[in-house]
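# Residue-level structural notes
Here is what each chain is made of, one letter per residue.
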Number of protein chains: 4
Amino acid sequence: MTTHILRIDCPDAPGLVYKITGSLFRAGFNILSNHEFVETATEHFFMRTAFTGEAAPEAVAKDLRDTLDPSAVIRLARAEPQRIVVFATKEPHCLGDLLLRHAYGELPASIQAVISNYDSLAPLVRQFGIPFHHVSHVGLDRATHEQGIHDVLGQYDPAYLVLAKYMRILTPGFVSRYADRIINIHHSFLPAFMGAQPYQQAYDRGVKIIGATAHIVTDELDTGPIIAQNILPVDHSYTAADMAQAGRDAEKIVLAKAVKLMLEERVFLYQNRTIIFE
Amino acid sequence: MTTHILRIDCPDAPGLVYKITGSLFRAGFNILSNHEFVETATEHFFMRTAFTGEAAPEAVAKDLRDTLDPSAVIRLARAEPQRIVVFATKEPHCLGDLLLRHAYGELPASIQAVISNYDSLAPLVRQFGIPFHHVSHVGLDRATHEQGIHDVLGQYDPAYLVLAKYMRILTPGFVSRYADRIINIHHSFLPAFMGAQPYQQAYDRGVKIIGATAHIVTDELDTGPIIAQNILPVDHSYTAADMAQAGRDAEKIVLAKAVKLMLEERVFLYQNRTIIFE
Amino acid sequence: MTTHILRIDCPDAPGLVYKITGSLFRAGFNILSNHEFVETATEHFFMRTAFTGEAAPEAVAKDLRDTLDPSAVIRLARAEPQRIVVFATKEPHCLGDLLLRHAYGELPASIQAVISNYDSLAPLVRQFGIPFHHVSHVGLDRATHEQGIHDVLGQYDPAYLVLAKYMRILTPGFVSRYADRIINIHHSFLPAFMGAQPYQQAYDRGVKIIGATAHIVTDELDTGPIIAQNILPVDHSYTAADMAQAGRDAEKIVLAKAVKLMLEERVFLYQNRTIIFE
Amino acid sequence: MTTHILRIDCPDAPGLVYKITGSLFRAGFNILSNHEFVETATEHFFMRTAFTGEAAPEAVAKDLRDTLDPSAVIRLARAEPQRIVVFATKEPHCLGDLLLRHAYGELPASIQAVISNYDSLAPLVRQFGIPFHHVSHVGLDRATHEQGIHDVLGQYDPAYLVLAKYMRILTPGFVSRYADRIINIHHSFLPAFMGAQPYQQAYDRGVKIIGATAHIVTDELDTGPIIAQNILPVDHSYTAADMAQAGRDAEKIVLAKAVKLMLEERVFLYQNRTIIFE
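Please read these numbers as outputs of a predicted model, since none were measured by experiment. (Residues numbered from 1 in each chain as written. Chains lettered and ligands numbered in written order. Predicted model: local features only at pLDDT ≥ 70, side-chain atom pairs only at ≥ 80, totals over all residues. Heavy atoms only, no water.)

### Notes on the overall build of chain A
Helix and strand counts for chain A stand at eight helices and 13 strands. Rg of the C-alpha trace for chain A: 21 Å, near the compact-globule value of 19 Å for 278 residues, within the 12% margin. The principal-axis extents of the C-alpha atoms in chain A amount to approximately 60 × 40 × 35 Å. Burial statistics for chain A: of 278 residues in total, 60% are counted as buried. Partitioning the contacts of chain A with sequence separation of at least 6, the portion at a separation of at least 24 is 66%. Put simply, chain A shows about 10,700 Å² of open surface, and 51% of that area lies on carbon and sulfur atoms. (Helix = DSSP H or I, 4+ residues; strand = E, 2+ residues; numbered from the N terminus. Rg over C-alpha atoms; globule rule 2.2 N^0.38 Å. Buried < 20%, exposed > 50% of the residue type's maximum accessible area, 1.4 Å probe, protein only. Contact = heavy atoms within 4.5 Å. Areas by Shrake-Rupley, 256 points an atom, 1.4 Å probe, with all protein chains shown as cover.)

### Focus on the interface of chain A and chain C
With 32 residues of chain A in contact, the opposing surface of chain C contributes 31 residues. For the chain A and chain C pair, buried surface summed over both sides reaches about 2,600 Å², with 61% attributable to carbon and sulfur atoms. On the chain A side of the interface with chain C, the three residues burying the most area are R205, K208 and H236 of chain A, jointly 28% of the side's total. Counting every contact that joins chain A to chain C gives zero salt bridges. (Buried area = accessible area lost by both parts, 1.4 Å probe. Salt bridge = Lys/Arg side-chain N within 4 Å of Asp/Glu carboxyl O.)

### What about the relation of the copies chain A and chain C?
With an axial shift of 0.0 Å and an RMSD of 0.0 Å, the rotation relating chain A to chain C amounts to 180 degrees. Classification of the inter-copy transformation places it as that of a two-fold axis. Distance from the rotation axis, computed per C-alpha, reaches its smallest value in chain A at A192 of chain A: 2.4 Å. Both copies share a contact surface, since 97% of the interface residues of chain A are interface residues in chain C too. (Least-squares fit on C-alpha atoms with pLDDT ≥ 70 in both.)

### Thoughts on the packing of helix α8 (residues 240-263) of chain B against helix α8 (residues 240-263) of chain C
The geometry of α8 of chain B relative to α8 of chain C is characterised by a closest axis approach of 12 Å and an angle of 170 degrees between their N-to-C directions. By the angle class used here, α8 of chain B and α8 of chain C are roughly antiparallel. Of the residues in α8 of chain C, those in contact with Q245, D249, K252, I253 and K260 of chain B of α8 of chain B are Q245, D249, K252, I253 and K260 of chain C. Partitioned by chemical class, the residues of the contact of α8 of chain B with α8 of chain C number two nonpolar, two polar and six charged. (Axes fitted to C-alpha atoms, helices over the stretch in contact; angles between N-to-C directions. Parallel < 35°, antiparallel > 145°, perpendicular 65-115°, else oblique. Nonpolar A, V, L, I, M, F, W, Y, C, P; charged D, E, K, R; others polar.)

### Considering the packing of helix α3 (residues 93-103) of chain C against α8 of chain C
To characterise two packed helices, one gives the angle between the axes of the helices and the distance between these axes. Residues and elements named next belong to chain C. Running from N to C, α3 and α8 cross one another at 45 degrees; their axes reach a closest spacing of 9 Å. Taken together, α3 and α8 sit at an angle that is classed as oblique. Like other packed secondary-structure pairs, α3 and α8 cross with a definite hand, here right-handed. Between α3 and α8, the contacting residues are H93, C94, D97, L98 and R101 on the first element and R248, E251, K252, I253, L255 and A256 on the second. Looking at the contact of α3 with α8, its residues break down into five nonpolar, one polar and five charged. (Left-handed = near helix turned anticlockwise from the far one by under 90°.)

### What to know about the relation of the copies chain C and chain B
You can overlay chain C on chain B at an RMSD of 0.0 Å; the transform is a turn of 180 degrees with a shift of 0.0 Å along its axis. Residue by residue, 100% of the interface of chain C is reproduced at the interface of chain B, so both copies engage with the same surface.

### Some thoughts on the domain arrangement of chain A
How big an interface is tends to be expressed through the accessible area that disappears when the partners come together. Residue and element names in this part refer to chain A. Taken domain by domain, chain A consists of domain 1 (3-78) and domain 2 (82-276). Distance between the C-alpha centres of domain 1 and domain 2: 31 Å. Each partner contributes residues to the interface: domain 1 has 13 residues there, and domain 2 has nine residues. Broken down residue by residue, the surface that domain 1 buries against domain 2 is led by R7, F46 and R48, which jointly contribute 51%. Note that E265 and R7 form a salt bridge whose closest N and O atoms lie 3.6 Å from each other. Where domain 1 touches domain 2, the interface holds seven residue pairs in polar contact (both at pLDDT 80 or more). Mapped by element, the contributors of at least two residues to the side of domain 1 that touches domain 2 are β1 (3-11), β2 (30-39), β3 (44-52) and β4 (73-78). Tallied by class, the residues present in the side of domain 1 that touches domain 2 amount to six nonpolar, two polar and five charged. (Domains from an automatic or database assignment. Polar contact = N/O pair within 3.5 Å; in protein donor to acceptor, adjacent residues only side chain to side chain.)

### Observations regarding the pattern of salt bridges
Inspection of every chain in the model, using the stated rule, returns 58 salt bridges over all chains. Across the pair E106 of chain A and R248 of chain D runs a salt bridge, and its minimum N-O distance is 2.9 Å. Here the residue E106 of chain A occupies a position in the loop between α3 (93-103) and β6 (109-116), and R248 of chain D occupies one in helix α8 (residues 240-263), the pair thus bridging two chains. Between E251 of chain C and K165 of chain C there is a salt bridge; the shortest N-O distance is 3.0 Å. Linking E251 of chain C in helix α8 with K165 of chain C in the loop between β8 (160-163) and α6 (172-177), this pair joins segments that are 86 residues apart in sequence. Judged on exposure class, the residue E251 of chain C and its partner K165 of chain C are both buried. Each of D97, R101 and E106 of chain A together with R248, D249 and K252 of chain D takes part in salt bridges that share partners, so that together they form one network.

### Considering the environment of D97 of chain C
Considering the arrangement of structural elements, one finds D97 of chain C in helix α3. Taking the relative accessible area as the measure of exposure, D97 of chain C reaches 1% and is therefore buried. D97 of chain C sits 155 residues away from K252 of chain C along the chain, and the two C-alpha atoms are 6.5 Å apart. Setting aside its immediate chain neighbours within four residues, D97 of chain C contacts L100 and K252 of chain B together with P92, K252 and A256 of chain C.

### Some words on the state of the cysteines
Taken as a whole, this structure holds zero disulfides over all chains when the rule is applied. A disulfide-free cysteine, C94 of chain B has its sulfur positioned 18 Å from the sulfur of C94 of chain C, the nearest such atom. Taking relative accessible area as the criterion, C94 of chain B reaches 1% and is therefore assigned buried. (Disulfide = S-S within 2.5 Å.)

### Focus: the sheet that holds β2 of chain A
Residues and elements named next belong to chain A. Taken together, the four strands give an open sheet; going across it, the order is β2-β3-β1-β4, and neighbouring strands pair in antiparallel fashion. Looking along the sheet, the strands with just one partner apiece sit at the ends: β2 and β4. For this sheet, the mean angle separating the axes of adjacent strands, direction not counted, is 10 degrees. Taken together, the nine bridges between β1 and β3 define a ladder with antiparallel strand orientation. The residue of β3 that forms the bridge with P11 is H44. Helix α1 (residues 16-26) rests against β1, β2 and β3 of the sheet, and its axis sits at about 20 degrees to β3. (Pairing = 2+ DSSP bridges.)

### A short note on the nonpolar core
Counting 215 residues, the largest nonpolar core has I183 of chain A, I183 of chain B, I183 of chain C together with I183 of chain D as the members making the most contacts within it. Apart from the residues lying within four places of it in its own chain, the contact partners of I183 of chain B are Y160, L161, V162, L163, H215, I216, I227, L255, A258, V259, M262 and L263 of chain B. (Core = buried A, V, L, I, M, F, W, Y, C linked by side-chain atoms within 4.5 Å.)

### Quick word on the interface of chain C and chain B
Each side of the interface is counted separately: chain C has 17 residues, and chain B has 17 residues. For the pairing of chain C and chain B, the buried interface totals around 1,600 Å² over both sides, and the portion due to carbon and sulfur atoms is 53%. Put simply, chain C and chain B have six salt bridges between them. Between R101 of chain C and D249 of chain B there is a salt bridge, with the nearest N and O atoms lying 2.9 Å from each other. Inspection of the region where chain C meets chain B yields six residue pairs in polar contact (both at pLDDT 80 or more). Secondary structure elements with two or more residues in the side of chain C that touches chain B: α3, α4 (122-127) and α8 of chain C.

### A look at the packing of aromatic side chains
Remark: the centre distance and the inter-plane angle together describe each pair of aromatic rings, the angle taken between the planes. Residues and elements named next belong to chain A. Under the criterion given, the structure shown has 42 aromatic pairs over all chains. Their ring planes at 70 degrees and their centres at 4.8 Å tell us that F29 and F51 sit as a pair that is edge-to-face. With a gap of 22 residues between them, F29 in the loop between α1 and β2 and F51 in strand β3 connect regions that are remote in the sequence. You can call F29 buried: its relative accessible area is 4%. (Phe/Tyr/Trp six-rings, centres within 6.5 Å; stacked < 30°, edge-to-face > 60°.)

### Description of helix α5 (residues 142-153) of chain D
Taking 1.5 Å as the rise per residue, α5 of chain D with 12 residues should run 16 Å; its terminal C-alpha atoms sit 16 Å apart, in good agreement. The elements touched by buried residues of α5 of chain D are β5 (82-88), β6 (109-116), β7 (132-134), β8 (160-163) and α6 (172-177) of chain D. (Expected span 1.5 Å × (residues − 1).)

### Describing the sheet that holds strand β4 (residues 73-78) of chain C
Residue and element names in this part refer to chain C. Taken in spatial order, the four strands of this open sheet run β2-β3-β1-β4, and their pairing is antiparallel. Each edge of the open sheet carries a strand with a single partner, namely β2 (30-39) and β4. Strand after strand, the sheet turns through a mean of 10 degrees between neighbouring axes, direction not considered. Against the sheet, helix α2 (residues 58-67) engages β1 (3-11) and β4, with an angle of about 175 degrees to β4.

Written as structure tokens, this is what we have:
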């Protein structure tokens, strides 16, 4: 039997859990896990339910659309690997870690391809049997370069794009085509050290902890909803380069975690924040 | 309006959430938060619901007792400070931290009294306006000493006993009178370093991380269900005494956390493990 | 025998450790611990040595002043509790934690007095037998208020001022009189969320980790050299008020740690960063 | 110029740092970094110095052997990648992580080969261009199997053996041939959960934190000197299998860290503990 995921967010109201679980119960579905949350400040309700059964779940979704507040967002998904395309530039650690996890079945994803604006990572990608596309930005304006990326993506129809240390800023036009579907890793503890060279910024400020942040890409640089963060302690003996090296472990782990959470449909985006049911 | 807590654990079955939320909905209660968990291995269901309303919640509990599996454990509680008595010996850090949190309203508890087998902590306790009882164990057998403690406890009727570095082993007879209601802090990362002098044991073993564990007291030393654990890094420069000093911060924070979780009725004990809805 | 601390920072040069340990050896001192660090980028040398002996250490310091680069900063101190005055406003958790540690001898400090711009913490302070001074800012301009604080400080001659959630900004004039001697706790992971209401800022940004930062106070708000930082994970279920409550544990522990490091003469300030020998 | 590492451990005595740095200074060497530690309880001195210079450092070592206590252990090494052979069984995450780090130059090692008692990891290893040797244990007694491993190792002359989830117990005879040179990763927070199936043990005990431990292999299972440990939080929703999956990240990072520390000659083994200069 297929495992389905039902996600609902809507204004809070009495009896929501009762109504929703009732719809599933009457349709003969068996609930595997259930998470709800009401944000008190905004009186908004969030629910994620994983369930199995013989029936088609679309009838439940329709039933709920008729019953719940018209503004309710109701989404159905199957619990199965999702198609992703990974973007990278020159650094191999996040990309390599995703390729390894993918290879041994730890990632709920099917990596369709890797796109890079350099070709240095081609051997790493190809040794894992994954298509590698070198789409150079050299000599191109941003729109032309992104058109080249689009042409490649057209072959793959990915559910999500994962930026594994992709060091180019995407245009609003590009982002809007994949709205809420682009996951980025930023090598700082956001909102500290946005923009370029965060480890140099961290060194100059003399922080004692550095971090990494996985977030959804929006039009504004490094300000999208945060999915996961991780940190590690540093001290005065770390140069900016030492911080960059040490930070790699935090980056790769936090990115893999965020990809997993997104692909398992555990993340709700709400007012530039995330509600996450782990 | 009072906030009530409903806690249920029973064998898993289809439609449990639907039934339970239905009972609450029909009685006119408003659910504030809701947590469920099904342990797949044992097919056992756990649920904690916080709700408000005008009605008496006992009718809902009765309704559920009639509906659910006869083995279901159904408990109602009010979300209000609970009466506790704190036990200590000579070390002030855990006790002092609890007294401070209590004084500024951070602990969901009413500290009725402190009992110690030494009198050195009396000034600290009394400066906070809390009764202090010195019940010396010197020259007494265990049963006689514990009888003295019982005599003191008789005045207070505590819901929970909190052992804040109480360095005496309680007899099974004593523990059984307060079954599942005695919270202890052990100064190691259990199950490592059970028994006496865990920091010396940690030093001798050369560990790089030390910890503290808050757990429910059972008949067997340091093996009861674990509520919370915390750790801190150490290195070769720490003597056993340095570890003990550094460990104090982990101890006091993990004990306060465990007390909060227990008193807010967030902890289910199940097969010597805990299910905790934070 | 007294334990002395020798601290040296100067441009790096061959043979520095040899020269310095030679001076101590010839004077008959016994080195207990020794830490050195050379910052490669700036070719600057830092050393902290703890040593004991019968002789007066000033001769060693003089010897080194004659030998080392004229720009060398050479400081001698005794390893003994230092006089501090603690500042607070209304929140008791950092202040209470310092009072507790002081009371049971964990802090290498002698708390001379507590100064607050409100009187609500007076009972907490006085129950520990520490003088409490209420210096209200109401109706006063900043200079007049700070003059009142100076008048109180005049009685105590503190080596360091510790701002334990003191919610007033100090003027450059005040800061300059205690240059490099004022330790502050800021309730965020600096440089994120400088200024007012950092937990509200953290909530609005949707971060998954919050923190606290102890730093030296300089003329510019929340930008002085960082001594210690700590973090704790949060999720969507935390309101800004929940973050504030959870953050208290990080705040009090990081402040106590920073005070200990400073008072034990383990912190070098250098180019708005700190070199710390733990 | 070559960077050399000088490591000394000997009974503590006055003037040791002065003598050692004097030997280096007179030979014209330039000290890059210097770490010392005296274990007070045993009055034992440890020092690691990194230095550069034109001269041959053996003269300094000889000079020190003539000067210091006859029991002093004095070792010279070059700061350069060391030859290692990695052992694995079926799990790819630790092995894959080492291969990735090796491929992009983050590991101070030259991986000569991988040996496994199964052949399932052969494709992963070979795609990185590293020799893979399948040395099956099936149907062999322990001595015969280990003889097969010896025959393979004979080609490579490794400085260290790294057990990256190698699930076979090595005999004392094998261990003694590589005494203090075999690094293992154990998938628990030692000394908790020694032996087989530590995650199942952790689940059964209901711990709230799991961990991983990298240690030197000695004759007795899981009791050798600990190099590095790391932990991650878990809760009741983790099955033993979930713990195993989550623990992989801790395992691979702690193993990589331990390998780096060992290969950079930062680890002293002393009385079944480690002194580590990071």
